[in-house]
Amino acid sequence: MSKKRILYVEDDETLAFLTADNLEQHFEVIHSNNGAAAFKLFCEQEFDLCVLDIMLPDMDGFEIATEIRKRD
């Protein structure tokens, strides 16, 4: 059985490293530190869960969530 995939969007490098490191014990984690890049990843790949920071460069977490809901 393959691991569930998480799109993890966080621009704080330290927090992202620690969180992704822990999540990777059980999940496949794809990390992005930029809102627009994260949304592009979402459109190109399949994820089981998206974990979004609110305050992000280029596109905030609320905007990403709104666009994700429109598509999925």
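Coordinates for the structure precede this section.
## Describing the packing of aromatic side chains
According to the stated counting rule, one finds one aromatic pair in the structure shown. Ring geometry for Phe39 versus Phe42: centroids 6.4 Å apart, planes at 20°, classification stacked. Of this pair, Phe39 and Phe42 both sit in helix 2 (residues 35–44), three residues apart, roughly one helical turn. Summarising the burial analysis for this pair, Phe39 and Phe42 share the class buried.

## Description of the nonpolar core
Of all hydrophobic cores here, the largest spans 12 residues; its members are Leu7, Val9, Ile30, Ala38, Phe39, Leu41, Phe42, Phe47, Leu56, Met59, Ile64 and Ile68. Counting residues per element, the ones that place at least two in this core are strand 1 (5–9), helix 2 and helix 3 (61–71). Among the elements that make up this core, the one with the highest residue count is helix 2 (four residues). Residues contacting Val9, with those up to four places away along its chain left out, are Ser32, Asn34, Ala38, Val51, Leu52, Asp53 and Leu56.

## What about helix 2?
Those residues of helix 2 that sit buried are Gly35, Ala38, Phe39, Leu41 and Phe42. Projected onto a plane normal to the axis of helix 2, the buried residues spread over an arc of 155° and lie on a single side. Exposed residues pointing more than 90 degrees away from the buried face of helix 2 are listed as Lys40 and Glu44. Those residues of helix 2 that are buried are in contact with strand 1, strand 2 (28–32), strand 3 (49–52) and helix 3. Of the residues that open helix 2, the one with a side-chain oxygen 2.9 Å from the backbone nitrogen of Ala36 is Asn34.

## Re the sheet that holds strand 3
The three strands are arranged 2-1-3 in an open sheet whose pairing can be described as parallel. Whereas interior strands pair on both sides, the edge strands pair on one side only; in this sheet they are strand 2 and strand 3. Between one strand and the next, the sheet's axes are offset by a mean angle of 20°, whatever the strand orientation. Here five bridges tie strand 1 to strand 2, and the two strands are oriented parallel to one another. Within the sheet, the bridge partner assigned to Arg5 lies in strand 2 and is Glu28. Relative to strand 1, helix 1 (residues 13–23) is tilted by about 170°, and along the sheet it contacts strand 1 and strand 2.

Procedures and definitions
- Residues numbered from 1 in each chain as written.
- Predicted model: local features only at pLDDT ≥ 70, side-chain atom pairs only at ≥ 80, totals over all residues.
- Heavy atoms only, no water.
- Phe/Tyr/Trp six-rings, centres within 6.5 Å; stacked < 30°, edge-to-face > 60°.
- Helix = DSSP H or I, 4+ residues; strand = E, 2+ residues; numbered from the N terminus.
- Buried < 20%, exposed > 50% of the residue type's maximum accessible area, 1.4 Å probe, protein only.
- Core = buried A, V, L, I, M, F, W, Y, C linked by side-chain atoms within 4.5 Å.
- Contact = heavy atoms within 4.5 Å.
- Arc of directions from axis to C-beta.
- Polar contact = N/O pair within 3.5 Å; in protein donor to acceptor, adjacent residues only side chain to side chain.
- Pairing = 2+ DSSP bridges.
- Axes fitted to C-alpha atoms, helices over the stretch in contact; angles between N-to-C directions.

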